[in-house]
Amino acid sequence: MKVFGRVLLLTLCVTWVARNGWAEDVTILTYGAKNDGKTINTVAIQQAIDACSGSGGGRVLVPAGIFISGTVHIKRGVNLVIEQGAVLKGSDQ
């Protein structure tokens, strides 16, 4: 019975991937974020999160540099990844 359960789980996973594709990586730079340590990037980061969530989930990447952001809302299926050399500073804006 254990083998049947594993085969069923594998079949379900393959079916899900075939229909939905693999989760994707989205960089905040694509949505206009600036790593200058001055620009408020809240809107760009939230747009990246929303796009990633809307496409089924994945990772939102914060690349090297200093990014300033106010409150963002992480959505189900989205992982916010702060890459090496990246700093995400909070702002009240």
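In the block above lies the structure referred to throughout.
On a predicted model such as this, the values are computed, not experimentally measured, just so you know. (Residues numbered from 1 in each chain as written. Predicted model: local features only at pLDDT ≥ 70, side-chain atom pairs only at ≥ 80, totals over all residues. Heavy atoms only, no water.)

*Asks:* Go over the sheet that holds strand E5 (residues 78–82) with me, naming the residues and quoting the values.
*Replies:* Taken in spatial order, the three strands make up an open sheet running E1-E3-E5, and their pairing is parallel. If you trace the sheet from one side to the other, it starts and ends with strand E1 (24–27) and E5, each paired once. The mean inter-strand angle of the sheet, taken between neighbouring strand axes irrespective of direction, is 25 degrees. Packed onto the sheet, helix H2 (residues 42–54) meets E1, strand E3 (58–62) and E5 and runs at close to 160 degrees relative to E3. (Pairing = 2+ DSSP bridges. Helix = DSSP H or I, 4+ residues; strand = E, 2+ residues; numbered from the N terminus. Axes fitted to C-alpha atoms, helices over the stretch in contact; angles between N-to-C directions. Contact = heavy atoms within 4.5 Å.)

*Asks:* Before we move on, could you go through H2 and cite the residues and values that matter?
*Replies:* Over its 13 residues, H2 runs 18 Å from end to end, which matches the ideal 18 Å to within 8%, given 1.5 Å per residue. Turning to H2, its buried residues number three or more, namely Thr42, Ala44, Ile45, Gln46, Ala48, Ile49 and Cys52. Taken together, the buried residues of H2 touch E1, strand E2 (36–40), E3, strand E4 (65–69), E5 and strand E6 (86–90). One or two residues past the end of H2 sits Gly56, with phi positive at roughly 105 degrees. (Expected span 1.5 Å × (residues − 1). Buried < 20%, exposed > 50% of the residue type's maximum accessible area, 1.4 Å probe, protein only.)

*Asks:* Account for the pattern of salt bridges, naming residues and giving values.
*Replies:* Following the criterion strictly, the structure yields two salt bridges and no others. Taking the shortest distance from any N to any O, the salt bridge between Arg59 and Asp25 comes out at 2.8 Å. Taken together, the residues Arg59 in strand E3 and Asp25 in strand E1 connect sequence positions 34 residues apart. You can call Asp25 partly exposed: its relative accessible area is 43%. (Salt bridge = Lys/Arg side-chain N within 4 Å of Asp/Glu carboxyl O.)

*Asks:* Outline a nonpolar patch on the surface, listing residues and values.
*Replies:* Judged by side-chain polarity, Ile74, Leu80, Ile82 and Leu88 come together as a nonpolar surface patch covering roughly 300 Å² of accessible area. By secondary structure assignment, the location of Ile82 is in strand E5. (Patch = residues over 30% accessible without salt bridge, like charges linked within 9 Å, V, L, I, M, F, W, Y side chains within 5 Å. Areas by Shrake-Rupley, 256 points an atom, 1.4 Å probe, with all protein chains shown as cover.)

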